[in-house]
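Take a look at the letters that make up each chain.
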Amino acid sequence: MTKHFLEMTTEEREYQLDCANTFLKWTRENIKDVTKSFFKIGFRLYEARAYKYYEALGYPDIETLAEEEFGFKRSSTYGFMQVYERVCIKNGHNTMDERYIGYDYSKLLELCKVKLAVHDILHYIKPTDSVRDIHQYVKFWNKYTNKHSTTPKITLQEWKTLQEWKTKQEQTPVLPPVSDNKQIEGQLSITDTIPDGPQPDTNVNVAPTAEQSAETVQTFGLPTCAEPEQTETVAKPKISNPTYNFHSRDGVRAFLKDYKNWQPYFGFIGSFFKDMFFYSLKNGVNIYACGIDTLWGNGESLETKIDEIIYFINDDKRKSKKITKEQFERYCAEHKDEL
């Protein structure tokens, strides 16, 4: 674990400061052409955070350093590092995975939102696909993989064509069939004329008899002054999803306590957990709340079970890791602008 800058020896501080100044120098060079150097910028920010160069330069954290020295907003700082971590061959190495060569920064930022089978999606998209199309396809990919536990077998362009066809079908009005004016069996001829003889007056009011109570008689299709029966079903108001405050410790604790109102997850119920819920944060990270039964004691006391909730977080899109409530509070404090 890297020591705090003030805890280092004089020689260590001099070396750390030299590395930090070198980081500033090369990052400023890379910023001159962000379009081509976004991967190197992400690598240098990642390294500066890992080795705490910001302490040697007198800053409390990497985002403050990046804003003061390079003019980066918090979201840009973490965006560069997020893209680097996704496309590097290994964390800490300044080499991009060749599978991602050809994608620009905006497209890679969208690919960072893929939650499952993060590299498999590259078989179904191309660097020439637009950012908008990749964004929509990633949403479809995440929904499909989460539901089916496997990847879709349709390329982005095939999926796009299918969506356009569905949209066109929904927008095309369905016209009633054209009548061929054929006479239905038992129906009067459509050429029949009105009979010549006098016709009964259908508007005559008939007085009710003793057996018949007075009531308004209405010919079908005509309006009535009577109140209509309440036959329509009143639509129930939609229950909105709960909103959470990730900018305060109390808000984060309330969020963790309210896990039963997250989305249910059925992947491991019965095998490892008695119930399981998950919540997708705005930055694409998932957090899982898993209920378990714990046996304690020995001998006959093993019959006693204790309910416990443990949490997992999927922050690198590869595998989930157990996280404590305190660790998640610190995570929210560091990433509150992304949540």
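Residues numbered from 1 in each chain as written. Predicted model: local features only at pLDDT ≥ 70, side-chain atom pairs only at ≥ 80, totals over all residues. Heavy atoms only, no water.

> It is not clear to me how the pattern of salt bridges should be interpreted in this structure. Could you clarify?
Between side chains of opposite charge, a pair can form when the charged atoms approach closely. With the rule as written, the count across this model stands at 10 salt bridges. The salt bridge involving glutamate 69 is made with arginine 28; its shortest N-O contact spans 2.6 Å. Taken as a pair, glutamate 69 in helix 4 (residues 62-70) and arginine 28 in helix 1 (residues 10-31) lie far apart in primary sequence, 41 residues in all. On the accessibility criterion, arginine 28 (38% relative accessible area) is partly exposed. Notably, a salt bridge pairs glutamate 329 with arginine 253, separated by 2.8 Å at the nearest N-O pair. Note that glutamate 329 is positioned in helix 10 (residues 325-334) and arginine 253 in helix 9 (residues 249-257), a separation of 76 residues in sequence. Overlapping salt bridges bring together Glu63, Arg74 and Asp337 as one network. (Salt bridge = Lys/Arg side-chain N within 4 Å of Asp/Glu carboxyl O. Helix = DSSP H or I, 4+ residues; strand = E, 2+ residues; numbered from the N terminus. Buried < 20%, exposed > 50% of the residue type's maximum accessible area, 1.4 Å probe, protein only.)

> Just checking my understanding: could you explain the pairing of strand 3 (residues 286-295) for this structure?
It is a general feature of regular strands that their side chains alternate between the two faces of the sheet. Burial runs high along strand 3: seven of the 10 residues are buried. Pairing analysis gives six bridges linking strand 2 (residues 275-280) to strand 3, with the strands arranged antiparallel. In the strand pairing of strand 3, phenylalanine 278 is matched with tyrosine 288. Connecting the antiparallel pair strand 2 and strand 3 is a turn made up of five residues, with glycine 284 showing a positive phi of about 90°. (Pairing = 2+ DSSP bridges.)

> Any chance you could explain the nonpolar core here in plain terms?
Generally speaking, nonpolar side chains in soluble globular proteins are found buried as a group. Counting 47 residues, the largest nonpolar core has Leu45 and Leu111 as its most contacted members. Looking at this core element by element, the count peaks at seven residues for helix 2 (residues 34-50). Sequence-distant contacts of leucine 45, that is, excluding residues within four places in its chain, are made with Phe23, Ile62, Ala66, Phe70, Phe72, Thr77, Phe80 and Met81. One finds Val285, Ala289, Ile313 and Tyr331 within the second-largest nonpolar core, a separate group that totals 19 residues. (Core = buried A, V, L, I, M, F, W, Y, C linked by side-chain atoms within 4.5 Å. Contact = heavy atoms within 4.5 Å.)

> Honestly, the confidence of the model for the protein in this entry has me stumped. Any pointers?
Low pLDDT means the predicted coordinates in that region are not meant to be read closely. In this model, the protein carries a mean pLDDT of 80, and residues with pLDDT of at least 70 account for 73%. Low confidence marks residues 204-239, where pLDDT is under 50. Its contacts with residues over four positions away, or in another chain, come to four contacts. (pLDDT = per-residue confidence, 0-100.)

> Would you mind showing me how to read the packing of aromatic side chains here?
Aromatic rings in a pair are described by how distant their centres are and how their planes are angled relative to each other. Summed over all chains, the structure comprises 28 aromatic pairs. Here the aromatic rings of phenylalanine 140 and tyrosine 144 are separated by 5.9 Å at their centres, their planes lie at 50°, and the arrangement is tilted. With phenylalanine 140 and tyrosine 144 both in helix 7 (residues 131-148), this residue pair falls four residues apart, about one helical turn. Through pairs of rings, three or more aromatic residues link up here, namely Phe23, Phe38, Tyr51, Tyr53, Phe70, Phe72, Phe80 and Tyr105. (Phe/Tyr/Trp six-rings, centres within 6.5 Å; stacked < 30°, edge-to-face > 60°.)

> Teacher, can you tell me more about unusual backbone geometry here?
Most peptide bonds are trans, and most residues other than glycine sit at a negative phi. Within the chain, lysine 52 stands out as a residue other than glycine whose phi angle is a positive 55°. Along the chain, the position of lysine 52 falls in the loop between helix 2 and helix 3 (53-56). We note that serine 149 has phi near 55°; this positive angle belongs to a residue other than glycine.

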